[in-house]
Structure formats: C-alpha cells, structure tokens
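For reference, the chains in residue letters:
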Amino acid sequence: MTNHNNMNKHFETLEDFLGTHFIYTYDNGWEYEWYAKNDHTVDYRIHGGMVAGRWVTDQEAHINMLIPGVYKIAWTEPTGTDVALDFVPNEHKLNGTIFFPKWVQDHPEITVTYQNEHIDLMEESREKYDTYPKMVVPEFATITYMGDAGQNNDQVIAEAPYDGMPDDIRNGKFYDDDYQMIKH
Ligand SMILES: C=Cc1ccc(O)cc1
C-alpha cells in the first residue's frame, strides 16, 4: 500500500499544482479537503467548521499561478458563497477568504449535503433568504496532507466525509496505489 502523503513536494509551475489533493486546517479550527481537479475545476469536502459535512465536485473556478509556487483560486457557488484561496504550498500554508451570504450563516444545515444533487435547493434558498450582511471569514491555514492524485481523478472526492476520514487519508488507508478509493 502506498501512502500518497508527500509533504516534501516542491511546487514551481501550474502543472505542479494541478492534480494535487490537499487537507488543511484553518487557524479558526475549520478543516477542509480540496483538490485541484484541472485548470478550471475544483472538488472539496468539509471536515470541520460551520458547514462540516458539505461536499462538492466539479465546481468551476479560476486557477492562476501568481509567481512560481504561489497559486490563486477564486469561485462563486450556487449558494451565493464566494471563495478566494491563496496557496503557498512550499510553505505548507494558504490564506482563504470565504464570503458567506447571510442565509448560509442562518441555515448552514441546508448546505450540508452533496451539493451536486441539490443545486435547485441552493438556488431557491439564495432567493428565499437574506444575502446581507455577508459573513466574511479570512483565515490562514496549515496544510497537513499533499497527495499527487493526477488531474480529473473522480475517486479523490467521491463520498461523504466521516469522522476520521482525514486521518485515514493522511495515514495512507484511503486510496490504493493508483489513487482509487479503497472500499471501507
Ligand atoms: C466554501 C468552500 C470552500 C472550499 C475550500 C476552502 O478552503 C474554503 C471554502
């Protein structure tokens, strides 16, 4: 069995970043898992924080390299939530800013699901409930896992988060040699 966690990976180019799978913990304690699926698509799972349990695949995003080894990602979601992430993976750091519409703060449970199967509910909710004032969450995070999943790997984020999943991934118990999920 391969443990794919490679905290010594060195990033220079955009290609180095694309296909990389990360787990990180924000300084406020929120734990996120995020995958640069290709140059315009991201997947993620949320393990801790206000919307723990939420997961999303095939979210369209803007992904750019600012200088060698420094990456900026930004997207807007069906919920109306906006996200901007600045990754400095060689330092095991990133800075994320999440802009939540008021309704997500008021009703986080509506968003805690596999969003792809509930896009209509997200779009209805963003019309039905309040947008303002937005809740802005600007935080640094520390990266605790970096794995080379390759681009367009649908097995990286393919089931709901569970307690202990980040540890299983970090400990090499979650993916096989080909970065496919092990049945558990
Ligand atoms: C709201 C989504 C989201 C995904 C990753 C991350 O680091 C912050 C927010």
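Model, not experiment: these values are computed from the prediction. (Residues numbered from 1 in each chain as written. Predicted model: local features only at pLDDT ≥ 70, side-chain atom pairs only at ≥ 80, totals over all residues. Heavy atoms only, no water.)

Our next topic: empty space enclosed by the protein. Where empty space is left can be seen by rolling a probe of water-molecule size over the atoms. Across all of its chains, the model carries 1 cavity of 30 Å³ or more by this definition. If you add up the space inside the largest cavity, you get close to 160 Å³. Elements supplying a minimum of two residues to the lining of the largest cavity: β1 (20-26), β2 (31-38), β3 (41-46), β7 (82-88) and β8 (93-100). Looking at side-chain class alone, the lining of the largest cavity contains 13 nonpolar, 3 polar and 2 charged residues. (1 Å grid on protein atoms, 1.4 Å probe; cavity = no way out; pocket = protein on both sides within 12 Å on 5 of 7 lines; lining within 4 Å. Points joined across faces, edges and corners; volume = space filled by probe spheres on them. Helix = DSSP H or I, 4+ residues; strand = E, 2+ residues; numbered from the N terminus. Nonpolar A, V, L, I, M, F, W, Y, C, P; charged D, E, K, R; others polar.)

Attention now goes to the UniProt feature "active site" (unreviewed entry) in the chain. Here, the residues flagged by UniProt with the feature "active site" (unreviewed entry) are Y32 and E77. If you take the residues mentioned a moment ago, the ones lining the largest cavity come down to Y32 and E77. With respect to the helices and strands, Y32 occurs in strand β2. Assessed through its relative accessible area of 8%, Y32 is described here as buried. Those residues in contact with Y32, other than ones at most four positions away along the chain, are F22, I23, Y24, Y26, R45, I46, H47, G48, V51 and I98. Judged by its relative accessible area of 6%, E77 is buried. What E77 contacts, discounting residues up to four positions off in sequence, is Y44, R54, Q59, V83 and R126. At 2.7 Å, the side chain of E77 and the side chain of Y44 are in polar contact. (UniProt positions renumbered as here; feature names shortened; annotations may be inferred. Buried < 20%, exposed > 50% of the residue type's maximum accessible area, 1.4 Å probe, protein only. Contact = heavy atoms within 4.5 Å. Polar contact = N/O pair within 3.5 Å; in protein donor to acceptor, adjacent residues only side chain to side chain.)

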